[in-house]
Amino acid sequence: LNLQAGASFSAYADHDDEDTQDAWIDIEGRYDFTDSTNLFGGIGYSREHEDRASPDDVNGINPTIYRVLRSHIGLSHKNGPFTLRAGGTFDELDFDDVNTLTSEINNDDRDRDLYSVGARIGYMFSPTYKAFVQFATDTRRYDDSLDNNSQNRASHGHRVAAGLAIKNGARVRGEFLIGGIDQNYDDSALQDVDATDFGAKLTWRPGTSTIITANVDRTVEETTVINASSLLNTSAGIGIQHKLAPRTILKA
């Protein structure tokens, strides 16, 4: 059983209306029925703010505050060279209204629930390599049937991918996948998403004192920009950690 909690604050020398206070707490755990079967799950809550650079920022006097309740549960099972991991997630987002100099901006039309169920089946054909296929649904339902622009942003989608996982002792660990993403919107005025999905996670230890990590991911993000259904976000990152001395670690 793991518990994590934290907070992040920002304060401006001028324009203190831009000050922010974020906080979060997450609890997750795993119960092993046997050496090959376990149940896992978690629940978390956070208070966050929307970045001023976001295209969805509504330009209120203060940054938009929203709260996220997230949860997941699943089952993992191994039978010889085969592995199965299946589960579901539920997230609830609640946005606060924001004041302007003359009125109040209604953000209730952004409140939504996100549901997903999925599974991954893997086959280990050697101690180093495991092939897998995975599938997940993506359902998004808004508390208000129409947003402030009279558009219905509810949608449902799928993600399907095949990939390869690598584990070479403690030296190299990672996985690579490619597949497809689709997200279909109830409102015909909003363009459906049909795109290639790809991703990667890699951890490499070239020496006992150095760890290099890299990742690539793709997600379909919601938006409230009029006549825009969503944005397809592709992110990539790389990091290096090197132990200069027993008590000194350099990260970049």
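About the thresholds
- Residues numbered from 1 in each chain as written.
- Predicted model: local features only at pLDDT ≥ 70, side-chain atom pairs only at ≥ 80, totals over all residues.
- Heavy atoms only, no water.
- Helix = DSSP H or I, 4+ residues; strand = E, 2+ residues; numbered from the N terminus.
- Buried < 20%, exposed > 50% of the residue type's maximum accessible area, 1.4 Å probe, protein only.
- Contact = heavy atoms within 4.5 Å.
- Lys, Arg positive; Asp, Glu negative; His and termini not counted.
- Charge placed at Lys NZ, Arg CZ, Asp CG, Glu CD.
- Patch = residues over 30% accessible without salt bridge, like charges linked within 9 Å, V, L, I, M, F, W, Y side chains within 5 Å.
- Areas by Shrake-Rupley, 256 points an atom, 1.4 Å probe, with all protein chains shown as cover.
- Salt bridge = Lys/Arg side-chain N within 4 Å of Asp/Glu carboxyl O.
- Core = buried A, V, L, I, M, F, W, Y, C linked by side-chain atoms within 4.5 Å.
- Polar contact = N/O pair within 3.5 Å; in protein donor to acceptor, adjacent residues only side chain to side chain.
- Pairing = 2+ DSSP bridges.
- Phe/Tyr/Trp six-rings, centres within 6.5 Å; stacked < 30°, edge-to-face > 60°.
- Lys NZ or Arg CZ within 6 Å of the ring centre and 35° of its normal.

Let's talk about the overall build of the protein
Then, in step 1: In terms of helices and strands, the protein carries zero helices and 15 strands.
Then, in step 2: Projected onto its principal axes, the C-alpha positions of the protein cover 65 × 50 × 35 Å.
Then, in step 3: Buried positions account for 28% of the 252 residues belonging to the protein.
Then, in step 4: Counted over contacts in the protein with a minimum sequence separation of 6, partners at least 24 positions apart contribute 49%.
Then, in step 5: One finds the centroid of the 24 positive side-chain charges in the protein at a distance of 16 Å from the centroid of its 39 negative side-chain charges.

Re a nonpolar patch on the surface
Then, in step 1: On the surface, a cluster of nonpolar side chains totalling about 690 Å² of accessible area is made up of Leu 1, Leu 3, Ile 25, Ile 27, Ile 43, Tyr 45 and Leu 69.
Then, in step 2: Listed by contribution, the elements that provide at least two residues to the nonpolar patch are β2 (20-32) and β3 (37-49).
Then, in step 3: With respect to the element layout, Ile 43 can be found in strand β3.

A short note on a negative patch on the surface
Then, in step 1: A cluster of like negative charges, contributed by Glu 92, Asp 94, Asp 97, Glu 104, Asp 108, Asp 143 and Asp 144, occupies part of the molecular surface.
Then, in step 2: Tracing the backbone shows Asp 94 in strand β5 (residues 82-95).

A word on the nonpolar core
Then, in step 1: Core analysis: the biggest nonpolar cluster contains six residues, these being Ile 181, Tyr 185, Leu 190, Val 193, Ala 195 and Val 220.
Then, in step 2: Those elements giving two or more residues to this core turn out to be β11 (172-185) and β12 (193-207).
Then, in step 3: Apart from residues lying up to four places away in sequence, Ala 195 is in contact with Gly 179, Gly 180, Ile 181, Arg 218 and Leu 232.

Some thoughts on a positive patch on the surface
Then, in step 1: Together, Lys 78, Lys 167, Arg 173 and Arg 205 make up a positively charged patch on the protein surface.
Then, in step 2: Structurally, Arg 173 is set in strand β11.
Then, in step 3: The exposure class of Arg 173 is partly exposed, given its relative accessible area of 45%.

Description of the side chain of Ser 230
Then, in step 1: If you trace the backbone, Ser 230 turns up in strand β14 (residues 230-245).
Then, in step 2: A distance of 3.4 Å separates the side chain of Ser 230 from the side chain of Ser 229, its partner in a polar contact.
Then, in step 3: Setting aside chain neighbours within four positions, we find Ser 230 in contact with Tyr 185, Val 193, Val 220, Glu 221 and Thr 223.

Concerning the pairing of β2
Then, in step 1: Pairing of strand β1 (residues 2-10) with β2, which is carried by nine bridges, proceeds in the antiparallel orientation. Each residue of the ladder has a partner; that of Ala 5, found in β2, is Ile 25.
Then, in step 2: Hairpin connection, β2 to β3: the antiparallel pair is bridged by four residues.

Concerning the pattern of salt bridges
Opposite charge on two side chains allows them to pair when their charged atoms are near.
Then, in step 1: Scanning all chains against the criterion turns up twelve salt bridges.
Then, in step 2: Of the charged contacts in the structure, one is a salt bridge between Glu 175 and Arg 120, with a shortest N-O distance of 3.0 Å. A residue pair is termed long-range when its members are at least 10 positions apart, and Glu 175 in strand β11 and Arg 120 in strand β8 (residues 112-124) qualify at 55 residues.
Then, in step 3: For Glu 175, a relative accessible area of 17% corresponds to the buried category.
Then, in step 4: Measuring nitrogen to oxygen at the nearest pair gives 2.8 Å for the salt bridge that ties Asp 197 to Arg 159.

Some remarks on the environment of Ile 226
Then, in step 1: Topologically, Ile 226 is positioned in the loop between β13 (210-222) and β14.
Then, in step 2: Judged by its relative accessible area of 48%, Ile 226 is partly exposed.
Then, in step 3: Considering only alpha carbons, one finds Ile 226 and Asn 149, 77 residues apart in sequence, at a separation of 6.7 Å.
Then, in step 4: Not counting residues up to four positions away in its chain, the partners in contact with Ile 226 are Asn 149, Gln 151 and Arg 153.

Quick notes on the packing of aromatic side chains
The relation between two aromatic rings is expressed through the spacing of the ring centres and the mutual angle of the planes.
Then, in step 1: Taken as a whole and assessed by the stated rule, the structure comprises five aromatic pairs.
Then, in step 2: Taken together, a centroid distance of 5.0 Å and an interplanar angle of 25 degrees make the contact between Tyr 66 and Phe 95 stacked. Here Tyr 66 is found in strand β4 (residues 65-79), whereas its partner Phe 95 is found in strand β5, with 29 residues between them in sequence.
Then, in step 3: A relative accessible area of 15% places Tyr 66 in the buried class.
Then, in step 4: Pairing Phe 82 with Tyr 123 gives two aromatic rings, centres 4.9 Å apart and planes at 55 degrees, and the pair type is tilted. One end of the pair, Phe 82, is in strand β5; the other, Tyr 123, is in strand β8, and 41 residues separate them in sequence.
Then, in step 5: Looking at Tyr 123, the relative accessible area reads 38%, which means it is partly exposed.
Then, in step 6: Sitting over the ring of Phe 40, Arg 85 keeps its end group 4.1 Å from the ring centre.

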